[in-house]
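# Descriptive analysis of the structure
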Amino acid sequence: KETVHSSNVENSILFLITNEPLLCFEQLSPSFENNSNILASHWPYKKTLSFLEERYKRPKTEETSGVAVLFSTQETLPSRNTIPSINTSINTLESGGDQRPHRHNGVAITLAIEAENVYSMIEDEKINWKNGVAQITPAAELHSHHNRGSKRMKSFVVQDEGLHWYLRTTGF
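The paragraphs below set out a description of the structure included in this document. None of these values were measured; they are calculated from a predicted model. In this numbering scheme, every chain counts its residues from 1 along its sequence in written order. Only residues with pLDDT of 70 or above have their local features reported here, since the model is predicted, and side-chain atom pairs are shown and tallied only from 80 upward, although totals for entire chains, interfaces and linings are computed over all residues. To get the side-chain values, all heavy atoms of the structure are used, and hydrogens and water are removed first.

## As for the environment of Asn 147
For clarity, the cut-off: In this description a helix means any DSSP run of H or I spanning at least four residues, a strand means any run of E spanning at least two, and both kinds are numbered starting from the N terminus. Every residue pair with non-hydrogen atoms within 4.5 Å of one another is taken to be in contact. Residues adjacent in sequence count toward polar contacts only when both atoms are side-chain atoms; beyond that, a polar contact is any pair of N or O atoms within 3.5 Å, and within protein one must be able to donate a hydrogen and the other to accept it.
Locating Asn 147 in the fold gives a position in strand 8 (residues 143-147). Asn 147 sits 17 residues away from His 164 along the chain, and the two C-alpha atoms are 29 Å apart. The contact partners of Asn 147, leaving out residues within four places of it in the chain, are Leu 93, Glu 94, Ser 95, Gly 96, Gly 97, Glu 116, Asn 117, Val 118, Arg 152 and Met 153. Within polar-contact distance, the side chain of Asn 147 engages the backbone oxygen of Leu 93 at 2.9 Å.

## A look at the sheet that holds strand 7 (residues 134-137)
Just so we agree on the cut-off: Pairing between strands requires that DSSP locate at least two bridges from one strand to the other. Helix axes are fitted to C-alpha atoms over the stretch in contact, other axes to C-alpha atoms as well, and angles between N-to-C directions run from 0 to 180 degrees.
Strands sit in the order 1-2-9-4-7 across an open sheet of 5 strands; the sheet is antiparallel. With partners counted over all chains shown, the strands left at the sheet margins are strand 1 (67-71) and strand 7, one partner each. Put simply, the sheet's adjacent strands are angled 25° from each other on average, direction ignored. Sheet analysis places strand 1 next to strand 2 (residues 87-93), joined by 5 bridges and oriented antiparallel.

## Focus: helix 2 (residues 45-56)
Heads up, the rule is: Helices are assigned an expected span. That span is 1.5 Å times one less than the residue count. Think of it in three bands: with a 1.4 Å probe and only protein chains considered, a residue is buried below 20% of the maximum accessible area for its type, exposed above 50%, and partly exposed in between. Regarding the arc, it is the one traced by the directions from the helix axis to the C-beta atoms.
Compared with the 16 Å implied by 1.5 Å per residue over 12 residues, the 16 Å span of helix 2 between its first and last C-alpha is a close match. When helix 2 is considered as a whole, its buried residues turn out to be Thr 48, Leu 52 and Tyr 56. The buried residues of helix 2 all sit within an arc of 85° when viewed along its axis, so they share a single face. Exposed positions of helix 2 whose direction lies more than 90 degrees from the buried face are Lys 46 and Lys 47.

Structure, rendered in structure tokens:
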């Protein structure tokens, strides 16, 4: 079957992530007959921003390292994954903010949406962000994110944490 993606909104981003490598490895194919337990979902931008605004009002602590919205559905609770093997989120970091160094066992693909003067430290390497560019944070590598810009950093993150969640080995 053919899938067509389109938008009537200026400055739209189509960032396509699939679990095709896993499907190929397992010799599986996607369901096209509406017999899947994972249904197509749409998270409107305005609703996502509303969720973020609610979270910005929460008290900050020393442990607060940013504000994020995870994309999940009723079918993928309680894991909060987008599909069983992948989680996705919008992550943000205040101007002048630092996300503390951390590790996780899944790979992270981070698409920079708002990245003025933002960088990551991955192990001992500084990686400058650029709007519209994706970077890969390898699994288990120590990394942190830093915002020296005048605007809130915003990114779309995809992680293959699903299996780790079910095994309780996420490593956060």
